[in-house]
Amino acid sequence: MDKLMDHPWFIRVVSLLLAIMLYMSANVGAKTGETRNTFGQEDTETLIDIPVVAYYDENNLVVSGVPKYVNVTLQGPASIVKPTALQRNFEVYVDLTELPLGTYTVPIKYRDISDKLKVTIQPASAKVTIREKVSKRFPVGVEFFNRNKIPDGYSVGEPTVKPDAVTITGAKELIDEIAFVKAIVDLDGATETLTREARVRVYDRRGNELDIEPEPSSVEVTVPVKSPSKTVPVQVQTTGELPDGVHLVSITPEPDRVTIYGPKEVLNHIDKLEGLTVDLDDMTDDATVELDVPLPNGAKSVNPDKIKVHIDVEKDVTQTWKDVPIAVIGLPDSYKAEFVKPLEGKITVRLVGPPDVVRGLTKDDIRLYVDVGGLDTGEHQVPIQWNHPEQVQWQPSVETAMVQISEKAAAQ
């Protein structure tokens, strides 16, 4: 026997058998998620979805970027790996307590695991952002869904919301992105006032919904649903005339539309509200009058039943220009004309009219002229004429001009 063990081939065969056993042991361990050495003393086990705890000032800060779960691989003596994997009485965490506001790459740590084990965490670190936590109140608006599915003739009044505002808490940068907060109410088939519990939605300036949970997350919305009605523009007519030198700028009803309630066959024939009249006699300054809104024939009611009418007027202004030139028209090419009066063919012109017209004029807009068409040689007194904008009166320093007409000297 001793001779057999001393034989080199015996040693080679035993070594080969040991190598095969090691190879098979390694492969079986890999397939089962465990790696054991030849004697079964070493284990490797990977634990999936281990929660991560973040330590920071939760009252004043908001943290993003911390993974919810990580994978933890334990490697070491099987007598320690197995109980640790089964009990999972350890903690995986990130410690942000000493970090100021900003973005950092921090290690993901663990505790309460035997130092005899090799621990690998995947991912091993996280890029986290620490922001200031703020709370802000936002009013809740109401948006209607399926408004076009209300039965024909019915209308929706102004909704009420309880509570009418919500509190949103989060990172200051995120709170600054909020543009509006809305509760959406489905009006499909509504024929009477309805009350709904509606989820509150938060939107940015581009209309994108933000993943933010307000407090409370839902509100009670009451929507009045009214009988057939029609909203039409208000037409205001005038009587009388403004005094001389006073011009009407605008007549503005407030509101400029009213809602009429009544049978649909009556409403179908009403396109505007008529019967409102203001008297312009003796009105020299801006004024506001309150008028009763007339009820159209066959209608049940109108809202509002009174409106205000703002009448804006303006008084004439004057503007004086000196040395305005006078042109000569209608003169044959073989004649020439010279002004005897006024000298140099220039006069002073005073314009009177509405401020927005008169103040917008320049000398280039005013063309003075005399028409000498059909006149023979000699001196002629002709009226001074002008092209002028409507609503503007003119007061020339003289109304006629003396023009000397003569033949041009023949060319030598």
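Residues numbered from 1 in each chain as written. Predicted model: local features only at pLDDT ≥ 70, side-chain atom pairs only at ≥ 80, totals over all residues. Heavy atoms only, no water.

The name an unreviewed UniProt entry gives the protein chain is YbbR-like domain-containing protein YbbR, with Geobacillus thermocatenulatus as the organism.

Here the focus is the overall build of the protein chain. Helix and strand counts for the protein chain come out as 6 helices and 30 strands. Put simply, the protein chain has 412 residues, and 32% of those count as buried. Once local pairs closer than 6 in sequence are excluded, the contacts in the protein chain between residues at least 24 apart make up 69%. (Helix = DSSP H or I, 4+ residues; strand = E, 2+ residues; numbered from the N terminus. Buried < 20%, exposed > 50% of the residue type's maximum accessible area, 1.4 Å probe, protein only. Contact = heavy atoms within 4.5 Å.)

A few words now on the side chain of H380. Examined against the element boundaries, H380 turns out to sit in strand β27 (residues 378–383). Here D376 takes part through its backbone oxygen, which lies 2.6 Å from a polar atom of the side chain of H380. In this view, H380 contacts L375, A401, M402, V403 and I405; residues no more than four positions away in its chain are not counted. (Polar contact = N/O pair within 3.5 Å; in protein donor to acceptor, adjacent residues only side chain to side chain.)

On to the sheet that holds β27. Hydrogen bonds along the backbone pair up the strands of a sheet, which may run parallel or antiparallel. One open sheet holds the 3 strands; their spatial order is β24-β30-β27, and the pairing between them is antiparallel. Every other strand in the sheet has two partners, leaving β24 (335–341) and β27 as the edge strands with one partner each. Direction aside, the axes of adjacent strands within the sheet are offset by 35 degrees on average. Alignment of β24 against strand β30 (residues 400–407), held across 6 bridges, turns out to be antiparallel. Bridging from a neighbouring strand, K341 pairs with M402 of β30. (Pairing = 2+ DSSP bridges. Axes fitted to C-alpha atoms, helices over the stretch in contact; angles between N-to-C directions.)

Right, let's get into unusual backbone geometry. In this model, K162 is joined to P163 through a cis peptide bond whose omega is -15 degrees. Following the sequence through the fold, P163 ends up in the loop between β10 (160–162) and β11 (165–171). Following N303, the chain continues into P304 via a peptide bond in cis, with omega recorded as 0 degrees. With respect to the helices and strands, the residue P304 is situated in the loop between β21 (301–303) and β22 (306–315). You will see that N146, though not glycine, has its phi angle at about 60 degrees, which is positive. Assessed through its relative accessible area of 15%, N146 is described here as buried. One non-glycine residue with positive phi stands out, namely D282, at about 65 degrees. Position of D282 among the secondary structure elements: in the loop between β19 (273–279) and β20 (287–292).

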